[in-house]
Amino acid sequence: MTDVKQVGNGVTMPFDPTYELPFAVGLNAQALIDRFYFPVELPQQEQDKLKGLAYYFQFANFSQVQSITPDPFARIENDTVGLSSARYVIEVSEQGVETIVKEKYEYSANSGVSGRGGDSNTVQRIEILSSQHRMVPDECWFTSVKGEESLHFSGLGDAFSLKTDQSYSILRSSSLAESLLIQLPGDLSSWQIEQEATELSEEELIALAAEFRTQLMTYPLTDLRASELALWLEKFDPVIDTLGTLLIEKAFDDETNMRLFNALGHLDSDNGNQLLVNLMQTNTLTETERFRAMRAITTGTRALTPQLTEQLLVMLNDQPFEGSESLWGSAIMAMGAVLERRQNNELTQDILSALQDKVGVASDVNEKAALIAALGNASHEDSLNIIINHQSDETPRVRANVATALGQIGTPRAHQALSGMLYTETDNRAQQAVFGAIGQFELEQSDIETITQLASESDSERTRASAIKAIATQTHKKEVASASLKRLMRNETSRRNFTLAAKALTALNDTDN
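Trainee: Describe the packing of helix α12 (residues 346–361) against helix α13 (residues 365–378), listing the residues and the values that go with them.
Mentor: Contact geometry of α12 with α13 gives a least axis separation of 9 Å together with a crossing angle of 150 degrees. Pair α12 / α13 crosses with left-handed handedness. Taken together, the residues of α13 that come into contact with α12 (itself represented by L352, L355, Q356, K358 and V359) are E367, L371, I372, A374, L375 and A378. Residues belonging to the contact of α12 with α13 are distributed by class as follows: 8 nonpolar, 1 polar and 2 charged.

Shown next, in the form of structure tokens:
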């Protein structure tokens, strides 16, 4: 920032050079700040100042605010004070300028100043007396942010009471300022990512775990969405295993249990991911709970770490998995989804190679099918040869997963392999997978007509439905697709399929109209 002016109690305060330091923030899918980047290691006090400044810029985006009308969009946000509830509206001026207006109306009961070095027992309540923050966004981020807010901090009966009033105005400069920021690389991965200054002592870890356990059992966790709950969990990441213990002890109802697994996925920390992999293999949990852990581990988007990679490889290759065949298959398929979701790095290939190698030696049909599905989930083109080698496997389940995997990879060569399966596959289950996968491509007239012929000869309602859906996607061959759907409707005995084809035909006719 440049041209910084601070006023306290009517008096201009001395210039603080901290605010001229360059820094960057990362936003998650909900437009919430979830990480900070500093080019050099800064004292914690300076980091906290810059974080406090950054939270002034934390606003929901237009698409979020407009998604709920006429009621205001509301969400829970994190800042340097704690978790607050905020509602949003969009105002449009006479000149057509759109402004996002945010009003914070409540801080959670667990908010306070302990995270900034204060005594968590001092502040017991934070009351929002007034709050309004206004952002004028643009294609980059914003042109201006202005706001006013009054808070009342209280605690220990009448022994502590503090009222704060603040207002601010942040404007984007019309010209590029001379700053160290201009000289820094655009690749933030080369910056120093903000880390905690010191490790917690054993006594601090014990105290934090006790606080975490107490709050987990008293805090209304389901009042928070999974992404918001993940922000709350960040404070307790060093002792996140406490949550694992409570999950194993069946301490939560099913709704809370499901929300916590989702939040662990959004947390996406080393400790959280280690816990999820451990829970995937904990046979005292129900299979539903273990499946939730598998689904959660696929939520993260951070690049694989050595720790997570080693855990996944050990589970895949070295440890006997205690659980049903279907659960083991789900665990294998989750590994592929982990690769697809996360940023590629050198460790990605380690997991991919392990999955590819295991396909070649798998003697169990269910395991082989799961491994093929995992390679499809990963969507790496260099798995294509291995997948294609199994398109004539003697087991329909494997061939079905081959077809699905080819559709997920989606290259011209995958399309060519699917076209070959279209003319050779006779099993209903595998044929349904072929139709579902090949429908993702733009097909030649001959392929559309082949699908139509196969569907008309099939006695499987599901196979015919899969064919209808595949034909319905061929908008580039509108006349051919329409004729095929009409042909299928003439002989269709299933009311559900007839309705499906009729709707598809209507949609095709509406194309380009």
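Trainee: If you had to explain the pattern of salt bridges to someone new, which residues and values would you point to?
Mentor: Oppositely charged side chains are able to pair whenever their charged atoms sit close together. The tally for this structure, following the rule as stated, stands at 19 salt bridges. Across the pair R302 and D270 runs a salt bridge, and its minimum N-O distance is 3.5 Å. With a gap of 32 residues between them, R302 in the loop between α9 (287–297) and α10 (306–317) and D270 in helix α8 (residues 270–280) connect regions that are remote in the sequence. Taking the shortest distance from any N to any O, the salt bridge between E492 and R464 comes out at 2.9 Å. With E492 in the loop between α20 (478–491) and α21 (495–510) and R464 in helix α19 (residues 461–472), this pair connects stretches of sequence that are 28 residues apart. Under the relative-accessibility criterion, R464 is labelled buried at 12%. Sharing partners across several salt bridges, the network here consists of R75, E77 and K102.

Trainee: For empty space enclosed by the protein, give the residues involved together with the corresponding values.
Mentor: The probe, sized like a water molecule, is rolled over the atoms to show the empty space still left. Under the defined criterion, the tally for this structure stands at 1 cavity of 30 Å³ or more. Counted as a void, the largest cavity has a volume near 40 Å³. Along its surface, the largest cavity is lined by D270, N273, R302, A303, L304, T305, L308 and R342. Its residues placed into classes, the lining of the largest cavity shows 3 nonpolar, 2 polar and 3 charged.

Trainee: Tell me about the pairing of strand β5 (residues 73–78), residues and numbers included.
Mentor: Within β5, 5 of the 6 residues are buried, which leaves it mostly tucked inside the rest of the structure. Both β5 and strand β6 (residues 83–92) contribute to a ladder of 6 bridges, which runs antiparallel. Within β6, the residue paired with R75 across the bridge is A86. In sequence, β5 turns back onto β6 through a hairpin of 4 residues, with G82 there showing a positive phi of about 160 degrees.

Trainee: Could you give an account of the side chain of S460, with specific residues and numbers?
Mentor: Note on placement: S460 falls in the loop between α18 (445–457) and α19. In this structure the side chain of S460 is engaged in a polar contact, spanning 3.5 Å, whose partner is the side chain of Q432. Discounting chain neighbours no more than four positions away, the residues touching S460 are N428 and Q432.

Trainee: Which residues make up α12, and what values do they have?
Mentor: Helical geometry note: an α-helix holds 3.6 residues per turn, so side chains three or four residues apart project in the same direction. Taking 1.5 Å of rise per residue, the 16 residues of α12 would be expected to cover 22 Å, and the 24 Å separating its terminal C-alpha atoms lies within 8% of that figure. Turning to α12, its buried residues are L347, T348, I351, L352, A354, L355, Q356, K358 and V359. On the buried face of α12, the contacting elements are α10, α11 (325–341), α13 and α14 (384–388). Two to three positions downstream of the cap, the backbone nitrogen of L347 sits 3.0 Å from a side-chain oxygen, assigning the N-cap of α12 to N345.

Trainee: Give a detailed account of the packing of α8 against α10, specifying residues and quantitative values.
Mentor: Interhelical geometry of α8 versus α10 gives an angle of 10 degrees and a closest axis separation of 10 Å. With respect to α10, the axis of α8 lies roughly parallel. Judged by residue contacts, D270, N273, Q274, V277, N278 and M280 of α8 engage Q307, L308, Q311, L312 and M315 from α10. When grouped by side-chain class, the residues that make up the contact of α8 with α10 number 5 nonpolar, 5 polar and 1 charged.

Trainee: Give me the sheet that holds β5: which residues, what numbers.
Mentor: Spatial ordering of the open sheet is given by β5-β6-β7-β8-β9-β10, a layout of 6 strands whose pairing is antiparallel. Of all strands in the sheet, those bounded by a partner on one side alone are β5 and β10 (160–171). Within this sheet the neighbouring strands show an average axis-to-axis angle of 15 degrees, counted without direction. Note: strand β7 (residues 98–107) against strand β8 (residues 125–137), 3 bridges, orientation antiparallel. What sits directly across from V101, in β8, is R134.

Trainee: Provide a residue-level description of the packing of aromatic side chains, including the pertinent values.
Mentor: Considering all chains together, one arrives at 13 aromatic pairs under this definition. Aromatic side chains F57 and W141 sit 5.9 Å apart centroid to centroid with 75 degrees between the ring planes, which places their arrangement in the edge-to-face category. Highlighted residues: F57 in the loop between α1 (44–54) and α2 (62–66) and W141 in the loop between β8 and β9 (142–155), separated in sequence by 84 residues. Where Y219 meets W232, the ring centres are 5.2 Å apart and the plane angle is 15 degrees; that geometry is what we call stacked. Of the two residues, Y219 sits in the loop between α4 (202–218) and α5 (226–234) while W232 sits in helix α5, which places them 13 residues apart along the sequence. Grouping residues by exposure puts Y219 and W232 together as buried.

Trainee: Any chance you could break down the nonpolar core for me, citing the residues and the numbers?
Mentor: In terms of nonpolar packing, the biggest core is built from 103 residues, with W232, L355 and L406 touching the most fellow members. If one sorts the elements of this core by residue count, α11 sits on top with 8 residues. Judged by nonpolar contacts, the second largest core, of 24 residues, contains F23, L50, L53 and F142.

Reading guide: rules and limits
- Residues numbered from 1 in each chain as written.
- Predicted model: local features only at pLDDT ≥ 70, side-chain atom pairs only at ≥ 80, totals over all residues.
- Heavy atoms only, no water.
- Axes fitted to C-alpha atoms, helices over the stretch in contact; angles between N-to-C directions.
- Helix = DSSP H or I, 4+ residues; strand = E, 2+ residues; numbered from the N terminus.
- Left-handed = near helix turned anticlockwise from the far one by under 90°.
- Contact = heavy atoms within 4.5 Å.
- Nonpolar A, V, L, I, M, F, W, Y, C, P; charged D, E, K, R; others polar.
- Salt bridge = Lys/Arg side-chain N within 4 Å of Asp/Glu carboxyl O.
- Buried < 20%, exposed > 50% of the residue type's maximum accessible area, 1.4 Å probe, protein only.
- 1 Å grid on protein atoms, 1.4 Å probe; cavity = no way out; pocket = protein on both sides within 12 Å on 5 of 7 lines; lining within 4 Å.
- Points joined across faces, edges and corners; volume = space filled by probe spheres on them.
- Pairing = 2+ DSSP bridges.
- Polar contact = N/O pair within 3.5 Å; in protein donor to acceptor, adjacent residues only side chain to side chain.
- Expected span 1.5 Å × (residues − 1).
- Parallel < 35°, antiparallel > 145°, perpendicular 65-115°, else oblique.
- Phe/Tyr/Trp six-rings, centres within 6.5 Å; stacked < 30°, edge-to-face > 60°.
- Core = buried A, V, L, I, M, F, W, Y, C linked by side-chain atoms within 4.5 Å.

These figures capture arrangement, not role.
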